[in-house]
Amino acid sequence: MSPKKKTTRRTRRTKRAPAPPAQSVGPGGEVIAGPQNIPPVLPILPVRGTVIFPGTIIPLGIGRPSSRLLLDESLAKSKIIGLATQVDEDAEEPGFEDIHPIGTAAIALKLIRQPDETLTLIVHGLRRIELTGPKQTRPYLTARVTKPKQVEGKGKRFIATINQIRDLAQELIELTPNSPEQALTMLMNIEQPGALVDYVAANLDIEVADKQALLNELSVPARAAKTHQLLSQQLQIVRLQNKIQQDVEANISEGQRRFYLREQVKAIQEELGEGGDGTAEVVEGLRQRLVEAAPPEAVMTETERELGRLEMVPPASPEYSVILGYVELIADLPWNKASDDNLDLDRARAILDRDHFDLDKVKTRLIESLAVRKLNPDGRGAILCLAGPPGVGKTSLGKSVAEALGREFARISLGGVRDEAEVRGHRRTYIGAMPGRLIQDIRRCGTNNPVIMLDELDKLGSDFRGDPSSALLEVLDPRQNHAFVDRYLDVPFDLSKVLFICTANYIGNIPPALLDRLEIIDIAGYTDHDKLAIARKYLVPRQLGEHGLKTRDCSFRVSGLRRIIDGYTREAGVRELERQIGAVCRGVAAKVASAKRRPKQAVIDADAVEGYLGAEKYVRELDIRAGGPGVVLGLAYTSVGGEVLFIEATRYAGKGNVKLTGQIGDVMKESAQAALSLFKSRASRFGVDLKEMDTTDLHIHVPAGAVPKDGPSAGVAMYTAIVSLMTGKPVKPKLAMTGEITLRGKVLPIGGVKEKTLAAHRLGIDTVVLPEANRRDLDEIDPKVRAKLKLKFVADVDALVKLALPGVKMKHG
């Protein structure tokens, strides 16, 4: 406990100093009760944290039920009670053996009831008593008491000690700020030596055990000697405090008030012989941490230069915290600390199979990457980028790889990041500068070879603050990132040991220079069969656990899961499917929680689903929207997977204009213009008069107008829609197509075949027309999807018309 704190406590107790005794005082300092003789049996009130001396007036907080009962019953008979200090302050219901045998008989002056029902008892200590034995222990403690005989003091030495105590106490009161005005007056008016010693002892800032020892001392000379020793120690502390205060004030002018606390600490250290402001200890501690971190020599040289500046800068300077933060970062970075790789390929495969269903191609590529790292630990592996629609498990794959390798894992979300400083950090010249996310996460991981996932790489932006994708060019280049320089760090840090894994929904949004540094691993969406297996193996057990349900409470049937998949979700991944399963679990949990008895198991089959989720959100659009001349099913590839486009065309009297609606992008508009021009060049083959076209306006619409659409792959669908409209022949049912057309009638290859065929299969289409050049992509298509679809390949639009419009007869010319 610091001297200052002790002074505060002593001052607080001085405020409770007693008034001059109104009753007579015995030779040992005890207040003679006069007509109120102390009974041989007293109710005993245990007190904790304080010692009550004879002659003192003190308030006591009453909280225990037994203490309340003691006051209610005893004060009605006699106001005299016994006060004894507890041996153990933590004892809630102390017995006779839990209190000190020497206590104080006191008279209750006043009982105050607070508004919050707490009681405060004000007591006046009368004389010492000795507890010889318990009379009763319940409901409160009573004990037999005697009046211990006091040994009076005599002789010149005793008188000198008493006078010295009075003088020292007077000096202590004068040196202590905020002392009560009446404290000195009371000190000078006490004549009896025992009473004077008890008064001073009661107000000393000492431990409870020391005060109890003074109360136990029945010899007034011995008690005075101990009090004199403790009083001298406390006075020395107060004198030292005042000296420190005077030294500080002598060095502080009006313009230096803000340094007051720092100067005071400095003066304290000088008195202790330590000196300085602590900077030397801070610098020495940082040097020790730097030795343990063992950064490269060039980094150590730069850091030593900063430490030299730190020793010269005052701690109150803003530059001090900047330098300190920088050196602490250098010391915290794992320059040579790496986690040991676990390159057990069988274990890695087991972890990937445990956490993810199917995705065999992706798992194989990841295992291959680990195998290369096993054979060549120092090799620079490729930077992998997992590309696919949302909800297919890209991020969790990264976590599984980190677990398989036994490395730390960090995820950096790049969605919406526009500031280059998020990657490279800020220069230290700026206020509030900090390192980039890469250095921060490596510091947090504590190793220099974690697995860092750069999530949503295709969502990066750029503005006046820079282009983060350009900053990533160095990070994701295995031949350059061994000397990555963060602007805040301003020294090279080796990122070559970090395993970077990127994710993206649509690689078309990734800048070409950055894409060139990545090895793309495509992850297509799941089939309905896959979703059913994932739901049974992963989603249902997880949702049951999150909602506090057991298998005896809820059971999902295959028919129920199929209805949820078909009628309530329409996605490439499984996030919406998990949300719908969670909605069903919430409904079951509500019934279980509200029932007085645990209800029977809820069986979620096809009929029960609607009761929890309401009417189906998705219907078979194929049966509603398809059919009739001018309606064609096209296939598109978007950032959320494959989509089926219902392309509609109609005509009406006009001037040969074309109207395009449905939030179509520029490339798709150009495809529509190319399709119309191609049809006009071949109109005679379909028996259509061009003069009729000049008096007819065409309107081509792609429904779901709230969703932006773009790309050239809808060219064949738009051409087929125009042919179907102008000839009045409908397209073959349940047939979808995709491909880019030229003005010469050729059908060019497109991308996203796997995702497009998956979308067609999901909607119930049985025939898909693809460009001939995409025949090489057959292996990409899921075998289960390929078995359900009839895949047709065409090289030009004539073959397309024969396949999609069997009712149209073409003339060759």
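Residues numbered from 1 in each chain as written. Predicted model: local features only at pLDDT ≥ 70, side-chain atom pairs only at ≥ 80, totals over all residues. Heavy atoms only, no water.

Engineer: Would you mind going over the overall build of the chain with me for this structure?
Structural biologist: If you tally the helices and strands in the chain, you get 29 helices and 24 strands. Evaluated residue by residue, the chain yields a buried proportion of 48% over its 813 residues. By sequence separation, contacts in the chain at least 24 residues apart represent 74% of the contacts at least 6 residues apart. Here the chain displays about 39500 Å² of accessible surface, and carbon together with sulfur accounts for 51% of that area. (Helix = DSSP H or I, 4+ residues; strand = E, 2+ residues; numbered from the N terminus. Buried < 20%, exposed > 50% of the residue type's maximum accessible area, 1.4 Å probe, protein only. Contact = heavy atoms within 4.5 Å. Areas by Shrake-Rupley, 256 points an atom, 1.4 Å probe, with all protein chains shown as cover.)

Engineer: Please explain the side chain of T720 as it appears in this structure.
Structural biologist: Among the secondary structure elements, T720 is positioned in helix α26 (residues 715-727). Among the polar contacts made by the side chain of T720, one reaches the main-chain carbonyl oxygen of V716 at a distance of 2.7 Å. Filtering out sequence-adjacent residues up to four positions away, T720 remains in contact with V632, V731, M737, L800, A804 and L805. (Polar contact = N/O pair within 3.5 Å; in protein donor to acceptor, adjacent residues only side chain to side chain.)

Engineer: Help me understand the packing of helix α19 (residues 528-546) against helix α20 (residues 558-568), please; the structure alone is not making it clear to me.
Structural biologist: A pair of packed helices is characterised by two quantities: the angle between their axes and the separation of those axes. Packing of α19 against α20 leaves a shortest axis separation of 10 Å and a crossing angle of 120 degrees. Accordingly, the angle class assigned to the pair α19 and α20 is oblique. Here α19 and α20 pass one another in a crossing that is right-handed. Each of D528, K531, L532, A535, R536 and V540 in α19 lies in contact with α20, whose residues at this interface are V558, L561, R562, I565 and D566. (Axes fitted to C-alpha atoms, helices over the stretch in contact; angles between N-to-C directions. Parallel < 35°, antiparallel > 145°, perpendicular 65-115°, else oblique. Left-handed = near helix turned anticlockwise from the far one by under 90°.)

Engineer: Looking at this structure, how should I read the packing of aromatic side chains?
Structural biologist: The description of two aromatic rings rests on the distance between their centres and on the angle between their planes. If you walk through the whole model with that rule in mind, you get three aromatic pairs. Of note, R428 hangs over the ring of Y326, and the distance from its end group to the ring centre comes to 3.7 Å. (Phe/Tyr/Trp six-rings, centres within 6.5 Å; stacked < 30°, edge-to-face > 60°. Lys NZ or Arg CZ within 6 Å of the ring centre and 35° of its normal.)

Engineer: Is there a simple way to explain the sheet that holds strand β18 (residues 658-661) in this structure?
Structural biologist: Strand pairing in a sheet is mediated by backbone hydrogen bonds. Such pairs are either parallel or antiparallel. Taken together, the seven strands give an open sheet; going across it, the order is β18-β19-β17-β16-β20-β23-β24, and neighbouring strands pair in mixed fashion. Edge positions in the open sheet fall to β18 and β24 (790-794), since each of these has one partner strand only. Recorded for the sheet is a direction-independent mean angle of 30 degrees between the axes of neighbouring strands. Bridge analysis of β18 against strand β19 (residues 696-701) gives four bridges, and the strand direction is parallel. Across the sheet, residue T661 finds its bridge partner in β19, namely H701. (Pairing = 2+ DSSP bridges.)

Engineer: What is the right way to read the pattern of salt bridges from this model?
Structural biologist: A complete count under the given rule lists 42 salt bridges for this structure. Salt-bridge contacts for R354 lead to D355; the nearest nitrogen and oxygen are separated by 2.7 Å. Residue class for D355 comes out partly exposed when judged on its relative accessible area of 28%. What emerges from the salt-bridge pattern is a single network uniting E302, R305, E306, R309, E319 and R428. (Salt bridge = Lys/Arg side-chain N within 4 Å of Asp/Glu carboxyl O.)

Engineer: Help me understand the environment of D455 in this model?
Structural biologist: On the secondary structure map, D455 appears in strand β9 (residues 451-455). The sequence separation of D455 and G415 amounts to 40 residues, and the corresponding C-alpha distance is 7.4 Å. Excluding anything up to four places from it in sequence, D455 contacts T395, R411, I412, S413, L414, G415 and T503. Here T503 takes part through its side chain, which lies 2.3 Å from a polar atom of the side chain of D455.

Engineer: I tried to follow the sheet that holds strand β7 (residues 383-387) on my own but got confused; where do I start?
Structural biologist: Strands sit in the order β8-β9-β12-β7-β13 across an open sheet of five strands; the sheet is parallel. One side of each edge strand has no neighbouring strand; the edge strands of this open sheet are β8 (409-413) and β13 (518-522). Shown here is a sheet whose adjacent strand axes are inclined to one another by a mean of 25 degrees, direction ignored. Sheet topology places β7 next to strand β12 (residues 499-504); four bridges connect them, and they run parallel. Across the sheet, A387 pairs through a bridge with A504, a residue of β12.

Engineer: How should helix α12 (residues 345-355) be read in this particular structure?
Structural biologist: Because an α-helix packs 3.6 residues into every turn, residues spaced three or four apart end up facing the same way. Here α12 has its buried residues at A348, I351 and L352. What you see down the axis of α12 is that its buried residues fit within an arc of 95 degrees, all on one side. Where α12 is buried, its residues contact α13 (360-375) and α14 (394-405). Capping the start of α12, D344 holds a side-chain oxygen 3.2 Å from the backbone nitrogen of D346, two or three residues further along. (Arc of directions from axis to C-beta.)

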